[in-house]
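Chain and residue survey
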Amino acid sequence: MKCLLIASESAEMLFYWTDLEFQQNIQKQYGASQEEGHGFPAFEDSISTLFAPIIISFSTMVTEADSYTSFTTENNHIYVLHQFDECLYIAVNGDGEEKEEDLRRKIYVMNKMIEVLFGMVTLSGNLLRKELRARDTEQRLRLWKHLQSLLETYSHLRENDQSFLVEAVERLIHPTLCEQCIEFLERRLVQQINSSVERGGEEVLHAFILVHTKLLAFYSSRNASILSASDLLALIIMAQNMYPSNVDVDDPSPEVQSGDSLSNSTDKPSPTDKDSKKPVRGGTPVFEFVDPDIQMAEDSLSTLEGYPPDPATPHKVFLEVSQKDGLYPMMPHSMYCLKLWPGITLVLLTKFPHSGVAMSVYTFWEAFAKLEKRLNEGQGGSTRGQPMHEVRSKLDKFLKTLALNGIQSSQLQNVWTEFKNRAFSRGGPGFSRDLIPWCKNMKTQLCGIYRQCFLSDSGPDDTPRRLSPGLQERAQTMVQEQLMDWKDFLLVKSKRNITMVSYPLSDFPGLVHFICVDRSSGQMIAPSLSITERTTSELGKGPVAQYIKNKMWSLVSTTRHYLQKGYSTLTLRDGDFYFCYFLWFENETGFKLEAKDIPIMPDDFAPIGMLAQNYYRKLLRYYSKNHPGETVKCYELLTVHLGVIPTEIILQHCRQLASKLWEPSRNPLL
């Protein structure tokens, strides 16, 4: 009984996702009221009718500065609401499987994925509405289906993958192979692509190899910015959405064991995209009806399934770029996701031609946003804190550059001329609150230039912006040849990345499971908890393994709750097990820094994690204020012990385990 939707302030539906149970409930509620012979109303209309009072109520309360963020109905349905600019997100759960925190996290993750897909267009409610609710019905349904699939993929990973539970990237632990692959990506693959005449003006900035959701190798070119953990997790979701992991199909035969030498392995051909079906994410797929009369727009969605996108066509993604002069969010890239074998994927991130335009647009957008904020705060009449005169000269030059490149900028030019007349002329109102609407208009026009340059099918000069299909195929073949002898091992290794056997019973008696996270790099390490028909963890695949898995998921939720309240240490006993959580800081030499009070966050604060909103980046920035000149690192450790182990021994184990996990000789790539 689940639902997530996005609506405009006027209660117009911009996107929705529901599970089958929620759909059937809506049909019972609104279908019975229809006159005989007229059939069911369009499902979208029913959703709009159901949520319109809530949307209008929320908008009214926001206007009166007395808004709410969640409520529970008499039948225990939980509603969570959050507004991003002009778009209202609503998440609903009626089956008790999700708590308020889970729904809020789902909303933020959905917003993150939309930012990755549409970039700065998300900063303008009107332009985002045009993207999410395109006039072309087929185009809109295709986009909604893609967003629904991304949401289901995330939910599946969140429920089954430890890296998405704690929102950190997990690397395959095999130093020799990892180093070989990184060297191959650097010296052969990326060099050959970037020197090819078939690259269409693009340049590979990042290249990485995924085995299911785990990172085998990652290479960034010298002039590339660091790829944030948040963006990398979002890209892994997109890769998994394109080529879903089906462990029982992807993994080699049971005879293949986790070791450096493999025998009796069979190289099964990859099923075609047409024959292989995506596993259902969390139950019955969306838009599946028993009643043949209830089809409506879902027929169109089914028709669209028969026309998969061209795999040679890259995805446009908008990622964070860090430069010497500052941080630029939502900068345009192309993402090429090349399937090597089932479960193993090569991802290339390339730089867009004319990407400098995006940086300029964001710089100007930020200047007008800051000016608008100052004017709203009543700081008009003075521009000492906002160098608008410098912005004036740069923006004039920028408009000339746009015209030379054939970019339509007449509307931006007109608004900018009016802004200058009001702000800089002697007879104008100057920098007063009267400029606020013009600041908003300037921001919208800048987002329109961004949309024209980076969300259209061709660039400003109408040149194709993609690596040629032949070049992609050669890149794919090169990596396949490099990994041919390792592929079966990698698929097994991804399910048994590290094992508890690696941590001897004599050193850690009673230790059942652990998760350790380096929040500075956004990476984690943990023994496998995979429980499928063909692969099991060391705990087996019976009730004990499932119990530990459920408890780990519950423990992470509990630790986030207490971390939000300002607690960095937590110990609790639950039946036969003892759970511990620690968060601490170190400098770059490994010296543990003195503990400091963690900021207490309000209940409606963004969910703690690294995917949707990077809480730990803010926490590191807060803690580093007292350590100027030092590189501060943040770590988390969660452990599960048998309850019979004395508390003092458990705490000693945690200290030893934390130091052992990050030894250079053990995990050099971490």
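Calculation notes
- Starting from 1, residues in each chain are numbered consecutively following that chain's sequence as written.
- Side-chain atom pairs in this predicted model are given and counted only at pLDDT of 80 or more, local residue features only at pLDDT of at least 70, and totals for whole chains, interfaces and linings cover all residues.
- Excluding hydrogens and water, the side-chain values take into account all heavy atoms of the structure.
- The secondary structure listing takes helices from DSSP runs of H or I that are at least 4 residues long and strands from runs of E that are at least 2 residues long, numbered from the N terminus.
- Each residue's exposure class comes from its accessible area (1.4 Å probe, protein chains only) as a fraction of the maximum for that residue type: buried when under 20%, exposed when over 50%, partly exposed otherwise.
- Note on contacts: a residue pair is in contact if any heavy atoms of the two residues lie within 4.5 Å.
- In short, Shrake-Rupley with a 1.4 Å probe defines the accessible areas, and a residue's cover is counted only from the protein chains shown.
- All axes are obtained by fitting lines to C-alpha atoms, using only the stretch in contact for helices, and the reported angles, taken between N-to-C directions, cover 0 to 180 degrees.
- By the definition adopted for this analysis, an angle is roughly parallel if under 35 degrees, roughly antiparallel if over 145, roughly perpendicular if from 65 to 115, and oblique otherwise.
- It is the rotation of the near helix from the far one that decides the hand of a crossing: anticlockwise by less than a right angle makes it left-handed, clockwise makes it right-handed.
- Only buried Ala, Val, Leu, Ile, Met, Phe, Trp, Tyr and Cys residues count toward a nonpolar core, and they belong to the same one when joined by side-chain atoms within 4.5 Å.
- Between any two strands, at least two bridges found by DSSP are needed for them to pair.
- Classification of ring pairs uses Phe, Tyr and Trp, with its six-membered ring standing for Trp, and accepts pairs whose centres are within 6.5 Å; under 30 degrees between planes counts as stacked, over 60 as edge-to-face, and the remaining range as tilted.
- Lysine NZ or arginine CZ positioned within 6 Å of the ring centre and within 35 degrees of the ring normal marks a charge as sitting over the ring.

- The name given to the chain in an unreviewed UniProt entry is HPS1 biogenesis of lysosomal organelles complex 3 subunit 1, with the source organism recorded as Haplochromis burtoni.

**Let's talk about the overall build of the chain**
- When helices and strands are tallied, the chain shows 19 helices and 16 strands.
- Classification of the 670 residues of the chain by burial places 51% in the buried group.
- Counted over contacts in the chain with a minimum sequence separation of 6, partners at least 24 positions apart contribute 70%.
- Carbon and sulfur atoms make up 49% of the accessible area of the chain, which totals about 30,900 Å².

**A few points about the packing of helix α13 (residues 410-423) against helix α14 (residues 436-454)**
- Where α13 contacts α14, the two axes come as close as 9 Å, and the packing angle between them is 155 degrees. The angle between α13 and α14 places the two elements in the roughly antiparallel class. Relative to α14, the crossing made by α13 is left-handed. On the side of α13, the interface is formed by Gln411, Leu412, Val415, Trp416, Glu418, Phe419 and Arg422, while α14 contributes Trp438, Cys439, Asn441, Met442, Gln445, Leu446 and Ile449.

**A look at the nonpolar core**
- If you look at the biggest cluster of nonpolar residues, it comprises 120 residues, and the most contacted ones within it are Phe51, Ile90 and Phe419.
- With near-sequence residues (within four places) excluded, Phe51 lies in contact with Cys3, Leu5, Phe22, Tyr79, Ile90 and Val92.
- Counting 36 residues, the second-largest nonpolar core is a separate cluster that includes Val517, Ile548, Leu555 and Leu583.

**Brief notes about the sheet that holds strand β13 (residues 523-525)**
- The strand order across the open sheet formed by six strands is β6-β13-β12-β16-β15-β14, and the pairing between neighbours is mixed. The sheet is open, and its two borders are formed by β6 (169-170) and β14 (569-574), each paired with just one other strand.
- Relative to strand β16 (residues 632-642), strand β12 (residues 511-518) runs antiparallel, the two sharing seven bridges. Among the inter-strand pairings, Leu511 is bridged to a residue of β16, identified as His641.
- Taken strand by strand, helix α18 (residues 615-624) contacts β15 (577-587) and β16, and its axis lies near 120 degrees from that of β16.

**Examining unusual backbone geometry**
- Phi at Asp85 is positive, roughly 55 degrees, even though this residue is not glycine.
- Topologically, Asp85 is positioned in the loop between β4 (78-84) and β5 (87-93).
- For Met330, which is not glycine, the phi dihedral falls at a positive 60 degrees.
- Residue placement: Met330 occurs in strand β10 (residues 326-341).

**Some details on the packing of aromatic side chains**
- Overall, the coordinates contain 27 aromatic pairs when judged by the stated rule.
- Ring centres of Phe71 and Tyr79 lie 4.7 Å apart, and the angle between their planes is 10 degrees; on these two criteria the pair is classed as stacked.
- For the ring pair Phe585 and Tyr623, a centre distance of 3.9 Å and an interplane angle of 10 degrees mean the geometry is stacked. Taken together, the residues span a long stretch of sequence, with Phe585 in strand β15 and Tyr623 in helix α18 at a distance of 38 residues.
- In this structure Phe585 comes out as buried when scored by relative accessible area, which is 4%.
- What links up through ring pairs into an aromatic cluster is the set Phe22, Phe51, Phe58, Tyr68, Phe71 and Tyr79.
- Sitting above the plane of the Phe424 ring, Arg392 keeps its charged end 4.6 Å from the centroid.
- The side chain of Lys549 reaches across the aromatic face of Trp553, ending 4.3 Å from its centre.

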